Every structure is written in structure tokens, then in C-alpha cells.
Amino acid sequence: MSFLTAFFYDRFMAKAEEACLKDWRQELLKQVSGDVLEIGAGTGASIGFYSDRVTNLVLTEPDKHMCKLLKLNVSNRSLENIQISDGTAEQIQADDESFDFVVASLVCCSLSNLETGLHEIKRVLRPRGKLVFLEHVAAADGTSRRRWQNRFNPIWRTFMGNCHLNRETEQAILSAGLNIKEIKRESMRKAIPIVRPTIRGIAEKA
Ligand SMILES: C[S@@+](CC[C@H](N)C(=O)[O-])C[C@H]1O[C@@H](n2cnc3c(N)ncnc32)[C@H](O)[C@@H]1O
């Protein structure tokens with residue numbers, strides 16, 4: 001991601017955060033506890049929503065510009081029990097079965113290899129551990145929104161840090177062998193129309 005994209009990222013997302021994302025983060029993250037890994041934490045939009053039931057929080061962010069902003073955000077809040085690493089979701093630097101929860105928000109769209117990333121998430125989750133996801137996804141096949149997503153995808157990926165507009169993330173989660181326990185599908189209000197379709201919920205490792 002370029003320095004400029006990272007620098008303007010929070011401003012670009014501000015209206016959608018106010019309109020819905022903050023509420024969705026709160027609703028999902030209040031259920032999270034114990035040892036938690038957040039992949040692709042970005043500038044740290046979720047960190048204010050973790051409760052004190054989270055005993056150990058590991059944030060990964062591979063982009064150096066985003067990581068700098070993340071570190072600043074964490075240090076401004078004087079949060080404790082947080083570690084930051086620059087690892088990718090495709091190669092998580094953690095032992096097997098070491099987390100109770102993995103959190104992925106608006107990140108599955110950007111992974112170089114979604115399938116590998118989800119298998120890594122499954123590897124580091126404890127039995128009955130949970131993936132908490134909040135993702136923008138492909139619109140339904142055959143809709144005009146999906147056609148626009150497909151058309152814009154190459155240029156969008158180039159300028160938005162490999163973000164894919166048309167990922168079928170729900171299917172990918174299931175294909176990775178995670179059981180979806182809760183899922184909501186809603187439009188990301190105040191976002192540009194091609195990123196509005198979202199899914200959010202919880203998937204469990206059997
Ligand atoms: C759209 S931002 C979302 C940031 C944050 N999770 C949020 O909810 O605001 C996507 C983030 O995923 C990160 N990312 C890209 N590829 C990644 C990968 N392979 N593994 C982990 N994170 C990645 C990007 O650097 C970026 O910070």
C-alpha cells in the first residue's frame with residue numbers, strides 16, 4: 001500500500017465507520033476473550049472495542065505504512081497486553097492452536113491467497129476457537145453491482161493494496177472447514193456502492 005493510501009485510509013472510511021462499521025465492530029468484538037489474534041489490523045480501527053476479557057492481543061499488520069499508524073494508535077491509548085507484528089495471514093508466526101479467537105475485519109479481500117490465509121487461521125485456532133469476520137464481499141452473481149465489481153477490480157486492486165471487490169469470502173470460510181455459527185449480510189452504509197455488500201459473523205473450528 002502506498003504511503004498516501006495508508007495516510008488517507010481512515011478519512012476514506014470515516015463516514016462508513018460512523019454509519020455502521022463502529023456498531024458492527026462493537027457487536028462482534030464484545031464476544032471476544034482470552035488469547036486473540038487480529039490479522040491485518042490496519043490503523044487499528046478495532047482496538048478500542050476489545051474488552052478487558054481479552055488477556056493477550058496480537059495485532060499483525062504487514063504494510064509498513066499502516067503498521068506505523070497502528071503503533072502510533074496503540075501507543076496513544078496506552079493499551080497493555082498488546083503485541084504488534086508484521087506477519088501476513090498466509091504465514092502466521094504462531095504455534096498451532098494458540099488462540100481462542102482470530103479477528104479479520106475488511107482484510108480477507110486483500111490477502112494474496114485467501115485459501116492459504118484461512119487455513120493458517122484454522123491452524124492457529126484452538127479446538128472450538130472462533131474466527132470473527134467482518135468483510136466486504138462480492139455482490140450476488142448476475143447483478144449489475146457484481147458486473148461493476150468485476151470491471152473495477154483490476155484497477156481497484158492496484159490502488160487499494162490488493163483489495164479485491166469480488167471475493168466470495170463466505171464460501172471460502174466454509175471451504176476451509178470452518179463452521180459458520182452466525183452470519184449477517186448487510187449493506188455498508190455510506191461506502192461507495194461497489195464495496196457495500198458485507199458479511200459479518202462467527203465461524204468455529206470443529
Ligand atoms: C482495508 S484494510 C482493513 C484494516 C482493518 N482491519 C480495519 O478493519 O480497518 C486491509 C488491511 O489488510 C492488510 N493486509 C493486506 N494483505 C495482508 C496479508 N496478506 N495478511 C495480513 N494483512 C494483510 C493491509 O495492509 C491493510 O492494513
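Above this text you will find the structure in question.
None of these values were measured; they are calculated from a predicted model.

Cut-offs and rules
Residues numbered from 1 in each chain as written. Predicted model: local features only at pLDDT ≥ 70, side-chain atom pairs only at ≥ 80, totals over all residues. Heavy atoms only, no water. 1 Å grid on protein atoms, 1.4 Å probe; cavity = no way out; pocket = protein on both sides within 12 Å on 5 of 7 lines; lining within 4 Å. Points joined across faces, edges and corners; volume = space filled by probe spheres on them. Helix = DSSP H or I, 4+ residues; strand = E, 2+ residues; numbered from the N terminus. Nonpolar A, V, L, I, M, F, W, Y, C, P; charged D, E, K, R; others polar. Salt bridge = Lys/Arg side-chain N within 4 Å of Asp/Glu carboxyl O. Buried < 20%, exposed > 50% of the residue type's maximum accessible area, 1.4 Å probe, protein only. Phe/Tyr/Trp six-rings, centres within 6.5 Å; stacked < 30°, edge-to-face > 60°. Lys NZ or Arg CZ within 6 Å of the ring centre and 35° of its normal.

## Thoughts on the layout of surface pockets
Thinking step 1. As a volume, the largest pocket reaches approximately 780 Å³.
Thinking step 2. Those elements giving two or more residues to the lining of the largest pocket turn out to be α1 (3-29) and β1 (34-39).
Thinking step 3. It is α1 that provides the largest number of residues to the lining of the largest pocket, a total of eight residues.
Thinking step 4. When grouped by side-chain class, the residues that make up the lining of the largest pocket number 22 nonpolar, 14 polar and eight charged.
Thinking step 5. By volume, the second largest pocket amounts to about 380 Å³.
Thinking step 6. Lining the second largest pocket we find 21 residues, and of these Asp-10, Thr-43, Gly-44, Ala-45 and Asn-73 sit closest to its centre.
Thinking step 7. Counting only elements with at least two residues in the lining of the second largest pocket, the list comes to α1 and α2 (64-76).
Thinking step 8. With 11 residues, the top contributor of residues to the lining of the second largest pocket is α1.

## Some remarks on empty space enclosed by the protein
Thinking step 1. Summed over the entire model, instances satisfying the criterion amount to one cavity of 30 Å³ or more.
Thinking step 2. In this model, the largest cavity occupies a volume close to 50 Å³.
Thinking step 3. Every residue lining the largest cavity is listed: Arg-25, Leu-28, Leu-29, Ser-46, Val-103, Ala-104, Ser-105, Val-132, Phe-133 and Leu-134.
Thinking step 4. The residue makeup of the lining of the largest cavity, split by class, is seven nonpolar, two polar and one charged.

## A short note on the pattern of salt bridges
Thinking step 1. Summed over all chains, the structure comprises 17 salt bridges.
Thinking step 2. Its salt-bridge partner being Glu-27, residue Lys-184 comes within 3.5 Å of it at the nearest N-O pair. You can see Lys-184 sitting in strand β6 (residues 178-187) and its partner Glu-27 sitting in helix α1, a full 157 residues away along the chain.
Thinking step 3. Classification of Lys-184 by relative accessible area gives partly exposed; the value is 40%.
Thinking step 4. Residue Glu-27 is classed as partly exposed on the basis of its relative accessible area of 24%.
Thinking step 5. As a salt-bridge pair, Lys-205 and Glu-97 come within 3.9 Å of each other at their nearest N and O atoms. Separated by 108 residues along the polypeptide, Lys-205 in strand β7 (residues 197-205) and Glu-97 in the loop between β3 (82-85) and β4 (99-105) bring together distant segments of the chain.
Thinking step 6. Taking the relative accessible area as the measure of exposure, Glu-97 reaches 42% and is therefore partly exposed.
Thinking step 7. Taken together, the shared-partner salt bridges in this structure form one network comprising Glu-27, Lys-184, Glu-186, Arg-189 and Arg-200.

## Focus: the side chain of Thr-43
Thinking step 1. Inspection of the secondary structure puts Thr-43 in the loop between β1 and β2 (54-60).
Thinking step 2. A residue is classified by how much of its surface remains accessible, and Thr-43, at 6% relative accessible area, is buried.

## Some points on the packing of aromatic side chains
Thinking step 1. Scanning the model with the defined rule gives three aromatic pairs in all.
Thinking step 2. Their ring planes at 25° and their centres at 5.7 Å tell us that Phe-3 and Phe-7 sit as a pair that is stacked. With a gap of four residues between them, Phe-3 and Phe-7 both fall in helix α1, about one helical turn apart.
Thinking step 3. Three or more aromatic residues joined by ring pairs form one cluster here, namely Phe-3, Phe-7 and Phe-8.
Thinking step 4. The ring of Trp-148 carries Arg-151 above its face, with NZ or CZ at 4.4 Å from the centroid.

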